Amino acid sequence: MEKHRKYIIAGNWKMNKTAGESVELAEGVVKEVGDQTVVEAVLCPPFTSLDSVATVVEDSPVKLGGQNMHPAASGAYTGEVSAEMLRFFYASYVILGHSERREYFKESDAFINEKVLAAFANNLKPILCVGESLEERESGSTLQVVETQTRGGLANVTNEDAESLVVAYEPVWAIGTGKTATPEMAQEVHAAIRGILTDLFGSEIAQKIRIQYGGSMKGSNAKELLSQTDIDGGLIGGASLDAKSFAEIINAARELEEAE
Ligand code: 13P
């Protein structure tokens, strides 16, 4: 089986680590990753740690990402940060539409779409998060929810920009709960997402877009998830807060890549 897509393993530190603590964690990750570029490794620390983490990853293959941003270029948006502010620290990626933003901060698909377009306009690659709640899965509406979020988040994205898009499928019931979707369950949704991307951007581009899985991914389950045809990486919460456990996931991806 040949996948043609480079694995991307991103750590979403969420609201964890002070700027000081972040240095230690980022240094650990840089050391674990070394100079390998077979798997793309990305760190998404809190905004307050972007500066210090940027300095640590500067001369390494480890890339930097934000956890959120506001779509406006600047202005009276207390507490928010812009794409340009993220780019100042050479961030390459930005997580958009995480389920915690959707749930606790009431972000809509339309607002997330504004962010996606603003990210592309500023040379930031969006990691668009989609995923169903437990209630939605149990009522059989998983694919419908994921389709609405994917189409809503990607409205008016050009084919040219779409190539650098990353989508993260994160079933809400699997986040921070220790419950992981089985590889088959995840693959089913990933394949459906690729189908939607094919409809939106055509097959050639859809085959290039990476789709990460997120939700209690760790060293012990990474390989079976990452070996699925349409799973091209992971968006890692808890297990990214320790350099060694994060590296276990990167190494699982690396072993799969090298075995191909
Ligand atoms: P956990 O890995 O802690 O389940 O979090 C997943 C997540 O939400 C990453 O964005």
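Cut-offs and rules
- Residues numbered from 1 in each chain as written.
- Predicted model: local features only at pLDDT ≥ 70, side-chain atom pairs only at ≥ 80, totals over all residues.
- Heavy atoms only, no water.
- Helix = DSSP H or I, 4+ residues; strand = E, 2+ residues; numbered from the N terminus.
- Rg over C-alpha atoms; globule rule 2.2 N^0.38 Å.
- Buried < 20%, exposed > 50% of the residue type's maximum accessible area, 1.4 Å probe, protein only.
- Phe/Tyr/Trp six-rings, centres within 6.5 Å; stacked < 30°, edge-to-face > 60°.
- Lys NZ or Arg CZ within 6 Å of the ring centre and 35° of its normal.
- Axes fitted to C-alpha atoms, helices over the stretch in contact; angles between N-to-C directions.
- Left-handed = near helix turned anticlockwise from the far one by under 90°.
- Contact = heavy atoms within 4.5 Å.
- Nonpolar A, V, L, I, M, F, W, Y, C, P; charged D, E, K, R; others polar.
- Near = heavy atom within 4 Å.
- Polar contact = N/O pair within 3.5 Å; in protein donor to acceptor, adjacent residues only side chain to side chain.
- Areas by Shrake-Rupley, 256 points an atom, 1.4 Å probe, with all protein chains shown as cover.
- Pairing = 2+ DSSP bridges.
- Right-handed = clockwise from strand over helix to strand, strands pointing away.
- Expected span 1.5 Å × (residues − 1).
- Arc of directions from axis to C-beta.

Trainee: Whenever I open this one, the overall build of the protein confuses me. Can you help?
Mentor: When helices and strands are counted, the protein shows 12 helices and eight strands. Its C-alpha atoms give the protein a radius of gyration of 17 Å, within 12% of the compact-globule value 18 Å for 260 residues. Projected onto the principal axes, the alpha-carbon positions of the protein cover approximately 50 × 45 × 35 Å. Going through the 260 residues of the protein one by one, you find that 53% of them count as buried.

Trainee: Help me out: how do you make sense of the packing of aromatic side chains in this one?
Mentor: Geometry of an aromatic ring pair is reported as the spacing of the ring centres plus the angle between the planes. Counting across every chain of the model gives two aromatic pairs. A cation sits over an aromatic face here: arginine 101 above phenylalanine 105, 4.0 Å from the ring centre.

Trainee: Quick question: what am I supposed to make of the packing of helix α1 (residues 19-33) against helix α12 (residues 243-259) here?
Mentor: How two helices sit against one another is set out by the angle between their axes and by the gap between those axes. Two elements in contact, α1 and α12, have axes whose closest approach is 9 Å; the angle formed by their N-to-C orientations is 35 degrees. Considering the relative orientation of α1 and α12, their crossing is right-handed. Residues Leu25, Gly28, Val29, Glu32 and Val33 of α1 form the contact with α12, whose own contacting residues are Ala243, Lys244, Phe246, Ala247 and Ile250. Along the lines of polarity and charge, the residues of the contact of α1 with α12 split into seven nonpolar, one polar and two charged.

Trainee: I would appreciate a short explanation of the site of the ligand in the present structure.
Mentor: Within the structure, the ligand sits among 13 residues, and Lys14, His98, Gly176, Ser216 and Gly238 are positioned closest to it. Glycine 176 places a polar main-chain atom, nitrogen or oxygen, 2.6 Å from an oxygen atom of the ligand. Between the ligand and serine 216 there is a distance of 2.7 Å, counted from an oxygen atom to a backbone nitrogen or oxygen. Protein burial of the ligand: of its 300 Å² of free accessible surface, 95% is covered by the chains. Considering only residue class, the shell around the ligand consists of four nonpolar, seven polar and two charged.

Trainee: Please clarify how the pairing of strand β2 (residues 40-44) should be interpreted in this entry.
Mentor: Burial within β2 is extensive, with five of its five residues counted as buried. Burial along β2 is two-sided: the residues Glu40, Val42 and Cys44 and Ala41 and Leu43 are all buried. Pairing geometry for strand β1 (residues 8-12) and β2, over five bridges, is parallel. Bridge assignment links asparagine 12 to a residue of β2, and that residue is cysteine 44. With helix α2 (residues 50-57) bridging β2 and the parallel strand β3 (residues 63-66), this β-α-β connection has right-handed handedness.

Trainee: It is not clear to me how helix α7 (residues 142-153) should be interpreted in this structure. Could you clarify?
Mentor: For an α-helix the count is 3.6 residues per turn, leaving residues at separations of three or four pointing the same way. End to end, α7 covers 16 Å across 12 residues, agreeing with the expected 16 Å (1.5 Å per residue, within 8%). Of the residues making up α7, those classed as buried are Thr142, Val145, Val146, Gln149, Thr150 and Gly153. Considered in projection along α7, the buried side chains sweep an arc of 125 degrees and stay on one side of the axis. Where α7 is buried, its residues meet α4 (99-104), α5 (109-121), β5 (125-130), α6 (134-138), β6 (166-169) and α9 (183-201).

Trainee: In this structure, what is going on with the side chain of serine 92? I would like to understand it.
Mentor: Considering the arrangement of structural elements, one finds serine 92 in the loop between α3 (83-88) and β4 (93-96). Serine 92 has contacts with Lys63, Leu64, Arg87, Asn123, Leu124 and Lys125, leaving out every residue within four places of it along the chain.

Trainee: What is the right way to look at α12 in this model?
Mentor: With 17 residues, α12 ought to run about 24 Å at 1.5 Å a step, and its terminal C-alpha atoms sit 24 Å apart, in line with that. The complete set of buried residues in α12 reads Ala243, Phe246, Ala247, Ile249, Ile250, Ala252, Ala253 and Leu256. Packed against the buried residues of α12 are β1, α1, β2, α11 (219-226) and β8 (233-236). Where α12 begins, the capping side chain belongs to aspartate 242, and its oxygen is found 3.2 Å from the backbone nitrogen of lysine 244.

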